[in-house]
Each structure stands twice: as C-alpha cells, then as structure tokens.
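Geometric and topological summary
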Amino acid sequence: MGYLKRSILVSVCTFSLSCSLSFAAGTHPETGEKLAEDQTFTYRILDEHASLDPQLAEDVTGAEVLRDLFEGLYNQDKMGNLVPGVALSHDVSADKTTYTFYLRKDAVWSDGKPVTAHDFVFAWRRLASKELASPYAWFIELMNIENAGAIVKGEKDPKELGVKAIDDHTLQVKLQTALPYFPLMTIHASTFPSPQWAIEAHGKEWTKPGNMVSNGAYVLAEHVPQERSVRVRNEKYWNNDATFIEKVVTLVINDENAAFTRFLAGELDRTKVPTGKFPELKEKYPEETVVFPRLCSYYYNINLSDSAPESLRDKRVRQALAYAVDRKIITQNVTKAGQFPAFTFTPEVTAGFSAPEVPFGKMSQQERDEKARELLVAAGYGKDNPLNLSLLYNSSESHKKIAIAISQMWKQKLGVQTTLANMEWKTFLERRGKQDYEIARAGWCGDYNEASTFLDLMHSQSGYNDSKYNNPDVDRLLKEAKTADNPQENYTRIEQIIAEDMPIIPIYHYTEDYMMRATLKNWPTKNAEQNWYSKDLYKVAE
Amino acid sequence: MLSYILRRLAVALPTLLLLVVVSFLMMQLAPGGPFTSERPLPPEVLANIEAQYGLDKPLFEQMLRYIGGILVDFDFGPSYRYKDRSVNDIIAAGFPVTLTYGSIAFVLAVVIGVSLGIAAALNHNSWLDYFAVGISIGAQVLPNFVMGPLLVLVFVLALEWLPGGGWNGGKWQHIVLPVIALSTSYMASIARLTRSSMLEVLHMDFIRTARAKGLPSHYIIWRHALKPTLMPLFSYLGPTFVAMVTGSVVIDFYFATGGIGYFFVNSAFNRDYAVMMGITILFGSLTITFNLIVDLLYAWIDPKIRY
C-alpha cells in the first residue's frame, strides 16, 4: 500500500512536471518563436548583495534580485516607461503635493495574503525609522515625503510619515513640496512593500529562504552566501501566466576573466565583457557581445575647497584641463566599448533631457587644444612656471589606463606635470570626501531617470559634491527645477554654467557591455537605468 | 603530558586575546569605515546606523562589548556589510567549503608528496629521482593563480569534463579543480623535504648498522628510516594544514567557491570589522591548536622528546 501510494505520487508529479515543461517548450504567444525547454536564466555578479530586505538593500545587485522577488507600485517596461505594478494608476492633487495610488485587488503575497496599501505604509515607515537604521533612509527624504527628514533624525515618530492607507487598496502620499518625478521613484527597491507578519515572526532571519514572504514574480529558493542564490517562479503572482523564465540563478564570481571562461563553457547566460576586450570579442562573437548606453557619467572632480591649490581656483586652468582631454581617444582607444564622449555631466540618454550644446563641445579637438594652451598661458603657467598637479584614482586597471592617457594629454599639450596616485577604494573615498586631493576620479549613476539625479550633485549643500563647488545661481536653478512644469530650461542653463565654471571634467558617459546568450530574449537594452525584470525575459530554442 | 597541555593552553588564551586587541586596534587605523561609500551617507542616517551597531561608543567600550559577546554568547557580532547575516552565519557558510577542499588537498599533497620523496631518495640519482625532482620543481614554480586558469583551460574548455567553478553544495565535480590547484605546490614542497630528509637518514650510522645486520631493505625503511625522515616534515605540516583549510584566497576568488578566504579579503576591503575579526580569531585559534598537536606528535614520534 505504502509503495503504491508513493508510486502514484511520483507519477502525478512526473505528469504535472511534464505539463509545465510542455508549456515551456511551446511557442511564444506574441512572437511565435519556439521556446527553449530549459527556461533557466543564470547570470554572474561581482559580489554578493548586501541584503535582501527591500528597506535595507543598498546595491545594484541587490536591487536586481529584489525586483524579481518583490513588486512595488510601478514597474518599468523595456523602454524604461512606467507600467502598473501593484498600483494600477494614480491621481495628483492640484497643488501637486498629494498623490493617490489605486492598487490592484488581485495581488497576493507568496503565502496567499492579499497585498494591501497597509503593506506599503508599513514598509515606508520602516525605511524612515531610526530603529531599522537603513543606509537608504535618505531615499525617503529624497522622495520629499512629509516629515521624512524629521523621522530619520528621530525627532518624529514614523507614524507621522506622510503616507496613509485610505482603504486596503488606496494609498495616499503627502509630499513636503511638489516633486514632478515622484512616481518614477516608486520603482526603487527601497519602496517595495514588506510583509509585517513575516518580519515580526522571524526578525532578522526573515530574508532567508523558507522564511521570506514576497509579492513579486519569483520567490527565493536557495541562498548560499558569496556563492549563489536561486529564485523560482511564484505561482501566486497575479501575472504568473505571462512569466516564461522558471528559475533565475545568480552566481558570485569576482574574477571577470573566470566568469568569461564559464560563459564560454556554457555555465552562464550573461556576464560582463572583460575590461578592454570588447572589440576583439565583438568580432569573435558578434551575436553574443552586446553594448548599450547606461545612465552613468565618468568624470574628474576638481578640488575647489579651501584646501585646493591656488592654480585650480583659477577658472582658466580648469577650463584648459577640461579642453585638453581628447575624449575620442579615451573612448575609442582606451575604454573601447562604445562609450560616449561627454561634454555635459548629465548623459544624453536621460529621460526628458536633451544635452545642450556647450561651447567647448562644439569645437574640434584641435580648436580645443589651442584654446587650452591660450587659457593656461593667460593664467600665467608655461615653460618658466610649469603647472604641477596630482591625480587621485581608486586602484583599478581601467581607471589607471584613463589616468595615464589624460596625464599624457596634459603633458604633451599643456606641459602640465601630473603625479598619479592610486588608492584602495575606501581610502580613496575617504580622501576624496575630505577634499584631500587636487583632481580625483569620479563616477555617478542615476538613482532615477531624470536629470536632477545628476545635477543635484552640483548643489553647494549636496553631500556628494566632492569638488565643493558653490554657485548660488546653480543652487537657485536647481531649486526652481523641482517645481517647474518644464525643468529642461534650468537643466540646460546649469550644464552651461558647469561648462563655464568647470568644477568637474566630464569625460564619458557609460555603456554596459555584456556577453549574453543569443537565445536569451527581450533584454531591455533601451532601458538606460538597466532595471530589468526576469519575468519579462524568455529563452528561445537554439 | 596533561600538565604540558594545560600549560600550553594557558599561554594560548592570552595569545588569542592579544591577537583580538591588536587586530581590533589596527583595523581602526585603516582609513575609511564600513559605511564609507561612493555616496556618503547623510549625517543623520550615518548616526542611526552607528548607534545601532554601537559604533558611536568609545573604542574601549566597543572592544569590551565585543569580547564580552564572544565569551558570554559565543556571538561574533553582525556583518556591517551583509546586513542579513551575522559573523557566525558567514563562518558557518564559508568555513566548511574551505575545510572540505583544503583537507582533501592536504591529504593528497601529503600522500603523493611523501611517496614521491621516498621513491626519489631510494633511487638516488636514477631517472626516477630526476623525474620526481623535475616534477616538484615544476609544480613549485607554478603558482596557483597560474594553475587555476591552466586547469580550467584544459579540463573545462578543451575537454569539457568539469565545471569552471562554483561549489554547488559540494558536488565532487566542483571540488576536483580547487583541490588540484591548491595541492600541487604543497605537494612539491613535501616531496623535496621528504627526499632530502630521507637521503640524510639513509646515510646515518644506525641505518648502516641495520644493513650490516642483514635486515631486508623494506624492513629497514619502514621500521627505522621512516620515522626520523618525517621529523622535519611534521613542523612543516602543522602550519601548512592550517593554511590549506583556511583557504587560499586565490582559489576562493578564481573558482568562486564561496569559501572563507574570499570573505576574509573581502571583509578587509569592506572594512567589515566584525567579519574580519571573527575570521582572524578562527585562523588564530586553528594555528595555535595545530601547533600544539604537532608538538604532541613529536613526543610520539621521537622517543627523545618528553613533556
């Protein structure tokens, strides 16, 4: 009898397994492509995510996992446009400070409980709370929600946060002042709902497989620290029928060359192209080597604080240094992965932003070089009085190559002597943050797809303004942009002022280059933030 | 014997304590902290985090609380970087991995290394001797960061026999390459050490006496030559074992095993103080323990040594 029971069970399982496999092995309902039998997506990450608690996560790799496990108010489509997530739509009050989100009624957690507005209220209060001490608490301040700042400081109770559940499926958010791009911020992982009952039941252990309750297209099945994490399809997800990828495997492989080898061995579907190998691999594997723009900017900070040398406080010197950088040589001969030469801080791909033509962007490189020489002579530097500078960067082969190339350009064109100094990451950050440098390497990626995520760094009070740039006009333009109907004019103006004052030297705008299995389809290459969702991907048969 | 062990332990504990204090203070000297990042945290956010981990307390109090936590609850504290995990979690995840491939590599290195060394010594200046010496020099000059990629090239890309890395719950296919990459250079050292030691022993008077008595060759080697041959090897094997089971950083990085060596280096870069301390204490305790074991083995192997 026992044996009989077991064999029936086995045959039922086999039957249901073959059922789901036959679905997977079918054709794509929209494109008609033949789908692969095995819908497993395996990709490489450099380092383990810091946390899988939506309100504690702080890195890109963690956000990638969280977008699969949880679902916030909105998602992005493959172009980067907002599409409904748990929220179907929203209204804004006339003064643009009160948002009302209408949530779908069919969304449930992986344990079957309905997803409600209360789950968002709980999560957002939690993000702001002093008790959780989230490293991303600043995001709720950035969202400009009423009382957020005071709650983070511990001056007010989290209950006073400007977020309220009108009923189970209506969420109301009150902002301190209007913020036109507020809905864009709801795709950020720190704003995802969290299950109060699971957190209370398991405490810190709630993010472990088995304890975790989530509301996204996938659930966490396995997690081995610094080795792998596995997520599998969430049968309870409201749009589960539209999901193709059955299983997503994240492998931690620190060495990019080792990862590339494992891609060649067929163990990975996606990994980064090893530094500098793009042209060679593009020729060898044209279909699997892909590149697309990213919402990131590579630039050099120039120290403008009191600790800065006299020379750098002269605008003409800063301009000369920025003009003499041949960005074409950097992008075509050094970085070699289709990066875009940058003359503005904000990347061209930023939504709703068109990069203004700044004067030095319009010149040819020869004209820029001549102008640079003139400027430096006018500033009083030349053969008799050579300019000496130091350039700080964090230890990395690619930063080093760029620094060497640029210091050579400065030397050959302007006679500037540059001392290169490289430092281990945290030491580097400490020095740059304390303005203990002359020129320092920097990079910035947008937190949301709007120009202010870059330009806010130019505000005199910004914690990320490592140049300590201070221009009241820029501060005013930034402030006005927050409430303007069309902030583009302000952004244009700010970029022009930056090109004149040159507190930073824009070098290039990033691209992302991947080795990606040609059978993996629907990767959102046009989404500049690279917010991808495994539920939108699928694999076709070879 | 027992009193000797007790005496050694009595010295071991203050040594460990000193290790804890010195590494705790040295870490504080490194610039930057666990929460230094590309995006500096606003002061209010940083204050909340530091308060939560008790980092706002005076250094001395932090250290006392840390040591107290270990002694009372065996709690090595939280990871500042991997917020879902405690140091105990991390060691429990990473150490078994390294212990597994490290122990296998150790056994392999000892068995093959000793055999090769003895074979070479017994056939001094023959082709076998040259072959063994050749192999061990070759293996010694090939560091494991060259061995790793070389093995992957052959066994993963060309022959397609094995996976290129990962651990996957310790399936044997994932263990093979890390074991080979880790063991070769140790194996070479052991072989050369055994060979030279054996050669020395074979020229000693008591061996000559044994031969003069007409004892069979294999009996002389097993009964009389082996033990003294292994004497110098033992002092090498103690620290070697610890080095192998605490993980080669290169192996953990290249083969992405998720082993403790990776956490160790990573925690230094991240200024993840508690993880770094936890692993340092683990490595320190292992070193002290195995040095003691080696010393006790000496007494067993060499009748001249008495405790």
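Located above this text is the structure these notes cover.
Residues numbered from 1 in each chain as written. Chains lettered and ligands numbered in written order. Predicted model: local features only at pLDDT ≥ 70, side-chain atom pairs only at ≥ 80, totals over all residues. Heavy atoms only, no water.

**Regarding the interface of chain A and chain B**
Each partner contributes residues to the interface: chain A has 54 residues there, and chain B has 45 residues. Across the chain A/chain B interface, buried area totals approximately 4,200 Å², and carbon plus sulfur atoms make up 52% of it. Considering only the side of chain A, the residues that lose the most area to chain B are A:Pro225, A:Gln226 and A:Lys426, jointly responsible for 15% of the buried surface there. Connecting chain A to chain B are five salt bridges. Residue B:Arg271 pairs with A:Glu424 through a salt bridge whose shortest N-O separation is 2.9 Å. Taken together, the connections running from chain A to chain B amount to 28 residue pairs in polar contact (both at pLDDT 80 or more). (Contact = heavy atoms within 4.5 Å. Buried area = accessible area lost by both parts, 1.4 Å probe. Salt bridge = Lys/Arg side-chain N within 4 Å of Asp/Glu carboxyl O. Polar contact = N/O pair within 3.5 Å; in protein donor to acceptor, adjacent residues only side chain to side chain.)

**Quick word on the pattern of salt bridges**
Residues and elements named next belong to chain A. Counting across every chain of the model gives 33 salt bridges over all chains. The residue arginine 228 makes a salt bridge to glutamate 227 at a minimum N-O spacing of 3.3 Å. Residue arginine 228 is classed as buried on the basis of its relative accessible area, which comes to 12%. On the basis of relative accessibility, which here comes to 2%, the residue glutamate 227 falls in the buried class. For arginine 233, the salt bridge identified is with glutamate 246, shortest N-O distance 3.3 Å. With arginine 233 in strand β9 (residues 228-233) and glutamate 246 in the loop between β9 and β10 (247-252), the pair connects residues that are 13 residues apart, well separated along the chain. On the basis of relative accessibility, which here comes to 25%, the residue glutamate 246 falls in the partly exposed class. One network of salt bridges, in which partners are shared, links Asp269, Glu288, Arg517 and Lys539. (Buried < 20%, exposed > 50% of the residue type's maximum accessible area, 1.4 Å probe, protein only. Helix = DSSP H or I, 4+ residues; strand = E, 2+ residues; numbered from the N terminus.)

**Details of the pairing of strand β5 (residues 98-103) of chain A**
All names here are of chain A. Counted residue by residue, β5 has five buried out of six residues, so it is predominantly covered. Pairing analysis gives five bridges linking strand β4 (residues 87-92) to β5, with the strands arranged antiparallel. The residue of β5 that forms the bridge with aspartate 91 is threonine 100. The loop that links β4 with its antiparallel partner β5 comprises five residues; one of these, lysine 96, has a positive phi angle of about 60 degrees. Of the pairings in the sheet, the one linking β5 to strand β7 (residues 170-174) comprises five bridges and is antiparallel in character. Within β7, the residue paired with tyrosine 99 across the bridge is valine 173. (Pairing = 2+ DSSP bridges.)

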